[in-house]
Amino acid sequence: LEEEEKGYHKSHHDSLIDCIRKGQIFNISEKLDGTNCGIEIIKTDKDNFQYKLLTHNYYIGDIDPNGNPIKDMRGFKAHAETILIPKLKTWLQDTKQCHIYLYGEWLVPHLVQYQDHMWNHWYLFSIYDALANREYALPDRQMFAEEIGLDMPEIFFDSDRPEITPD
């Protein structure tokens, strides 16, 4: 946090601490140690559903700056195409137009050892609506995840709703 604070102050942007002091809503959630990946969904009309799977900065299947193809993230592509995309297609079937990015953590064995039931799941942590140019707030992300049947990291604190924060 100290290094982040220094970097933001050098850039003349508000840091996390500055935002909290100004009263900006924030939440604290479990940090899962897996692979950060996401799904971009574009619908231009009711029947045109397109998606791309992405890693940090690249789409799976694209070529990186060194000429190497961006590979599947240790099973994420198969999981997304068999589990996530069908759920999203069904949920968005009546939506005429959208352009959203869903970001999550694909939990596969890495440095932290989790309980067996947690492996090979994707945990949604962010939704960005490119048409509305806005990030979904925590309650909206939670409602979205619940309606679609997606997992999310555990929430430890929500400054907008401290009364629902677990003990």
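Refer to the structure printed above.
Only a predicted model underlies this, so the values are computations on that prediction, with no experimental measurement involved.

Reading guide: rules and limits
- Residues numbered from 1 in each chain as written.
- Predicted model: local features only at pLDDT ≥ 70, side-chain atom pairs only at ≥ 80, totals over all residues.
- Heavy atoms only, no water.
- Helix = DSSP H or I, 4+ residues; strand = E, 2+ residues; numbered from the N terminus.
- Contact = heavy atoms within 4.5 Å.
- Salt bridge = Lys/Arg side-chain N within 4 Å of Asp/Glu carboxyl O.
- Buried < 20%, exposed > 50% of the residue type's maximum accessible area, 1.4 Å probe, protein only.
- Arc of directions from axis to C-beta.
- Bend = angle between axes of the 7 residues up to and from the residue.
- Pairing = 2+ DSSP bridges.
- Axes fitted to C-alpha atoms, helices over the stretch in contact; angles between N-to-C directions.

**Considering the environment of Leu 92**
Phase 1 of the analysis: Among the secondary structure elements, Leu 92 is positioned in the loop between α3 (76-91) and β4 (98-107).
Phase 2 of the analysis: Ignoring any residue separated from it by four or fewer positions in sequence, one finds Leu 92 in contact with Ile 41, Lys 43, Phe 49 and Cys 98.

**Here we look at unusual backbone geometry**
Phase 1 of the analysis: Of note, Asn 120 is a non-glycine position whose phi angle comes to about 60°, a positive value.
Phase 2 of the analysis: The phi dihedral of Asn 133 falls on the positive side, at around 55°, and the residue is not glycine.
Phase 3 of the analysis: Tracing the backbone through its elements, the reader meets Asn 133 in the loop between β5 (121-129) and β6 (134-135).

**Quick look at the pattern of salt bridges**
Phase 1 of the analysis: The full count for this structure, using the stated rule, is two salt bridges.
Phase 2 of the analysis: In this structure, Glu 105 and Lys 31 form a salt bridge, with 4.0 Å as the shortest nitrogen-oxygen distance. Placement of the pair is Glu 105 in strand β4 and Lys 31 in the loop between β1 (27-29) and β2 (35-45), with a sequence separation of 74 residues.
Phase 3 of the analysis: Linking Asp 140 and Arg 134 is a salt bridge whose minimum nitrogen-to-oxygen distance equals 3.9 Å.

**Details of helix α4 (residues 138-148)**
Phase 1 of the analysis: Residues of α4 that are buried: Leu 138, Arg 141, Phe 144, Ala 145 and Ile 148. Projected down its long axis, α4 carries its buried residues within an arc of 125°, all on one side.
Phase 2 of the analysis: In this structure, the buried residues of α4 make contact with β1, α3, β4, β5 and β7 (155-158).
Phase 3 of the analysis: Positive backbone phi, approximately 90°, marks Gly 149, located one or two places after α4.

**Looking at α3**
Phase 1 of the analysis: At Leu 84, α3 shows its strongest bend, of approximately 40°, with the proline Pro 86 following within four residues.
Phase 2 of the analysis: Buried residues of α3: Phe 76, His 79, Ala 80, Leu 84, Ile 85 and Leu 88, and no others.
Phase 3 of the analysis: Of the surrounding secondary structure, the elements contacted by the buried residues of α3 are β2, β3 (48-54), β4, β5 and α4.

**Regarding the side chain of Thr 55**
Phase 1 of the analysis: With respect to the secondary-structure elements, Thr 55 resides in the loop between β3 and α3.
Phase 2 of the analysis: Residue contacts for Thr 55: discarding those within four places in its chain leaves Asn 36, Cys 37, Ile 60, Ile 70 and Met 73.

**Quick notes on the sheet that holds β3**
Phase 1 of the analysis: Pairing in this open sheet of five strands is antiparallel, and the strands run β3-β2-β4-β5-β6 from one edge to the other. Only two strands of the sheet have a single partner each, and these edge strands are β3 and β6.
Phase 2 of the analysis: Here β2 runs beside β3; their pairing, made up of seven bridges, is antiparallel. Each bridged residue has a counterpart across the sheet, and for Ile 41 the counterpart in β3 is Tyr 51.
Phase 3 of the analysis: Together, β2, β3, β4 and β5 form the strand contacts of α3, whose direction differs from that of β3 by roughly 150°.
Phase 4 of the analysis: Across the face of the sheet, α4 comes into contact with β4, β5 and β6 while running at roughly 130° to β5.

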